[in-house]
Amino acid sequence: MEKEFVLGLDIGGTYTKLGLVSRKGEILSVRKFPTEAKKPFDDFKKQLESEINALKATVHTDQKILAIGVGAPNANGYSGNMEHAVNFRWGDDVPLVASIKKILDLPVSLTNDANASAVGELQFGMGKGMEHFVVLTLGTGLGSGIISNGELLIGQNGMAGEIGHVNVVPNGRQCNCGLKGCLETYVSVTGMRRTIFELLADMNADSELRTISFEDMTGEIISDAAIKGDAIALKAFEETAEFLGTQMADTAAHLDPEAFILLGGLSKAGDILLNPVKAAMQRNLFHAYKGKVKILMVDRPSNHSVLGAAALGWRAIQV
Ligand SMILES: [Zn+2]
């Protein structure tokens, strides 16, 4: 039986998950509750405290929690705050680390959710043994985390690796961040919905997607339709893959990575996404990298985000 654990906490726009994770990446116990991001932060703190206490109750007297690792949208590890998270009504600078320390006084490490996923892959997943790779999470938005020289790339302000907000179409689609034409507005579940509604207007093809509302259209529904051969869904994947693969070729020119690891809702589509992404990347890749950059795609179980956050906590206390 493992004796030492790190508490991994993943704060998402819809759900918050927390779990106790051993050094080897085994999850002792995990809990999940609605984040209620539109309600005050104080409500969240109260709920979090009772959830942490419930988790602590599962720890035997000879077991110990050593640290806490936290992944959250727009989180800044330098300030310890969540900054300007658009889907949260918690204020512009939310003191996450200070608030968590009040509940459980242990070393707390914080980073944004996609960075936590990258550290999770490095410590426990497909990035084990790799020194240079990029994780892209294709969910509601497009998150990215960069591992360079075996470490998470953080940057001057704690905000390195925002590949979702590089411009791919000058004056293109309006992004939640205030800019126009960001990659995320094309390559994400939300971006694909926008693409599908444009295609539905432009194409005559029969499609089961015609009866589904914008709000109800999930990554799973789009992927299932594509797997069944739906012409609109397939075309949407083709266009999405072109944007993504081209951007990955650009990113390779900056970072010379061994691999890209794709995670999240759209990765359920498998080869329907992967094959055209590979083709678009190869076509646009600088000759020095041709045939050298792997693209790995994983459909992770939902507990994965807790592992990523915990991996961050483990790495912080190992140095
Ligand atoms: Zn943006």
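Summarised in this report is the structure supplied together with it. Within every chain, residues take consecutive numbers counted from 1 along the sequence as written. Per-residue local features of the predicted model are confined to residues with pLDDT of at least 70, and side-chain atom pairs are confined, for both listing and counting, to 80 or more; whole-chain, interface and lining totals are unaffected and use all residues.

Let's talk about the sheet that holds strand β1 (residues 4–11)
Point 1. Pairing between two strands requires that DSSP report at least two bridges joining them. Strands are runs of DSSP state E lasting at least 2 residues, helices are runs of H or I lasting at least 4, and numbering of each runs from the N terminus. As summarised here, the arrangement of the five strands in space is β3-β2-β1-β4-β8, forming an open sheet in which the pairing is mixed. Lying at the two open borders of the sheet, with one neighbouring strand each, are β3 (27–34) and β8 (108–112). Direction aside, neighbouring strands of the sheet carry axes that sit 15 degrees apart on average.
Point 2. Two elements, β1 and strand β4 (residues 64–72), share seven bridges in a ladder whose sense is parallel. If you follow Asp10 over to β4, its bridge partner there is Gly71.
Point 3. A residue pair is marked as a contact if its C-beta atoms, positioned from the backbone, fall within 7 Å. Every axis corresponds to a line fitted to the C-alpha atoms, with the helix fit spanning only the stretch in contact, and the corresponding angles, defined between N-to-C directions, vary from 0 to 180 degrees. Sheet strands in contact with helix α3 (residues 113–124) are β1, β4 and β8, and its direction is about 110 degrees off that of β8.

Things to note about the packing of helix α5 (residues 219–227) against helix α6 (residues 231–255)
Point 1. Remark: α5 packs on α6, axes separated minimally by 7 Å, with the N-to-C direction vectors making an angle of 110 degrees. In terms of axis orientation, α5 runs roughly perpendicular to α6. Residues Ile222, Ala225 and Ala226 of α5 lie in contact with α6, whose contacting residues are Ala233, Leu234, Ala236 and Phe237.
Point 2. As a working rule, the residues Ala, Val, Leu, Ile, Met, Phe, Trp, Tyr, Cys and Pro are called nonpolar, Asp, Glu, Lys and Arg charged, and the rest polar, with Gly in that last group. Of the residues belonging to the contact of α5 with α6, the class tally is seven nonpolar, no polar and no charged. Orientation categories follow fixed angle ranges, with anything under 35 degrees roughly parallel, anything over 145 roughly antiparallel, 65 to 115 roughly perpendicular, and all other angles oblique.

Considering the sheet that holds strand β5 (residues 75–76)
Point 1. Here we have three strands laid out as an open sheet, ordered β5-β6-β7, and antiparallel in their pairing. Strand pairing shows two members of the sheet lacking a second neighbour, β5 and β7 (93–94), which therefore form its edges.
Point 2. With two bridges joining them, β5 and strand β6 (residues 81–83) adopt antiparallel strand pairing. When the sheet's bridge partners are listed, Asn76 is paired in β6 with Asn81.

Concerning the pairing of β4
Point 1. Alignment of β4 against β8, held across five bridges, turns out to be parallel. Across the sheet, Val70 pairs through a bridge with Leu110, a residue of β8.

What about the environment of Phe33?
Point 1. One can find Phe33 in strand β3.
Point 2. Spatially, the C-alpha atoms of Phe33 and Val134 are 29 Å apart, while their sequence positions differ by 101 residues.
Point 3. Dropping the residues within four chain positions of it, Phe33 is found in contact with Tyr15, Thr16, Gln47 and Glu51.

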